[in-house]
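# A look at the structure
Each chain, letter by letter, is given below.
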Amino acid sequence: MEKPDWKERYARQLILPEIGEAGQEKLRKAKVLIVGAGGLGSPIALYLCGAGVGTLGIIDDDTVSISNLQRQILYTEAEQGLPKSQCAVQRLRQLNSETGLHHYPFRLTADNAEEMIRQYDIVVDGCDNYTTRYIINDVCEKLQKPYIYGAISGFSGQVSVFHYQGGPSYRDLYPDEKELSQISPFKGVIGITPGITGSIQALEVIKIITGCGEVLSGKLWTINLLTLENHIILL
């Protein structure tokens, strides 16, 4: 099959004055690392790949299980037992063959985080534990890389952007690492929650890359999907 012309592929966002050809070129040159390829990582990866981000890295040490499929829309039943990062890249390549895709089938740790994050412009949080978030935060602060944070539970989600143009840190939102690291996050969630929350994270990435809109730096966006109430809290 002949590849579509890039102007045809991205026609619907090229006509947006906030994006245009200059913004699309910025997206093409951008390198984004997604930490975690689960409920949040799925919509983040799909929308960034579809939008034409030039290079995406996917890091996740888990394999696909049947309980993932309720919310992790990158995967299929046939992929049970296979590495998520590998399956994610295979799916994304079918969506956009022009995006450079790299998969890392291991966990982000204090030992490898700096080496991994140094290769990318922006880091997006699709993980599900506090320890990894503090690692991302501290390395992004050291390397001066924007960190797009997202978290979900049940019918609630929240998003913020840290280390953007000298903005706040994850530690400003959650200063007590020791206390949080001892908490086991509640696992219950409706599949739409990561879908909406991850989409907002992907949007923040696009805003940072193209320079459009107001970035959620110094702000925490929250939503309750049972009431559709959402708020922006100043940090």
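Residues numbered from 1 in each chain as written. Predicted model: local features only at pLDDT ≥ 70, side-chain atom pairs only at ≥ 80, totals over all residues. Heavy atoms only, no water.

## Examining the packing of aromatic side chains
The condition is simple: Centres within 6.5 Å make a pair out of two Phe, Tyr or Trp rings, where for Trp the six-membered ring is used; the pair is then stacked when the planes are under 30 degrees apart, edge-to-face when over 60, and tilted otherwise. Note on conventions: DSSP H or I runs of at least 4 residues are helices, E runs of at least 2 residues are strands, and numbering of each starts at the N terminus. Summary of the burial criterion: residues with accessible area below 20% of their type's maximum are buried, those above 50% are exposed, and those between are partly exposed, where the area comes from a 1.4 Å probe applied to protein chains only.
Tallied over the entire structure, the rule returns 8 aromatic pairs. Summarising the aromatic geometry, the rings of Tyr149 and Phe162 are spaced 5.8 Å apart at their centres and angled 40° between planes, so their arrangement reads as tilted. Of the two residues, Tyr149 is situated in strand 5 (residues 147-153) and Phe162 in strand 6 (residues 156-162); the sequence distance between them amounts to 13 residues. The exposure class assigned to Tyr149 is buried, which follows from its relative accessible area of 2%. The exposure class assigned to Phe162 is buried, which follows from its relative accessible area of 0%.

## Section: the packing of helix 4 (residues 41-51) against helix 10 (residues 192-210)
As a reminder of what qualifies: The angle between two axes is taken between their N-to-C directions and runs from 0 to 180 degrees, where each axis is a line fitted to C-alpha atoms and a helix contributes only its stretch in contact. Here the angle decides the label: under 35 degrees means roughly parallel, over 145 means roughly antiparallel, 65 to 115 means roughly perpendicular, and every other value means oblique. By convention, the crossing between two helices is left-handed when the near helix turns anticlockwise from the far helix through less than a right angle, and right-handed when the turn is clockwise. Any two residues whose heavy atoms approach within 4.5 Å are treated as being in contact.
At a closest axis distance of 8 Å, the pairing of helix 4 and helix 10 adopts a crossing angle of 40°. Relative to helix 10, helix 4 is oriented oblique. Crossing of helix 4 over helix 10 shows right-handed handedness. Along the contact surface, helix 4 presents Pro43, Ile44, Tyr47, Leu48 and Ala51, while helix 10 presents Pro194, Gly195, Gly198, Ser199, Gln201, Ala202, Val205 and Ile206.

## Details of the sheet that holds strand 7 (residues 219-224)
To be explicit about the condition: DSSP calls a pair of strands paired once it identifies at least 2 bridges connecting them.
Judged by pairing direction, the sheet is mixed, and its 8 strands sit side by side in the order 3-2-1-4-5-6-7-8 without closing on themselves. Each having just a single partner strand, strand 3 (100-104) and strand 8 (229-234) make up the two edges of the open sheet. Going from strand to strand, the sheet's axes swing by 15° on average, the running direction of each strand aside. Summarising the sheet, strand 1 (residues 31-35) and strand 4 (residues 122-125) pair through 4 bridges and their orientation is parallel. Each residue of the ladder has a partner; that of Ile34, found in strand 4, is Val124. This element, helix 5 (residues 84-95), spans strand 2 (55-59) and strand 3 of the sheet and lies at about 165° to strand 3.

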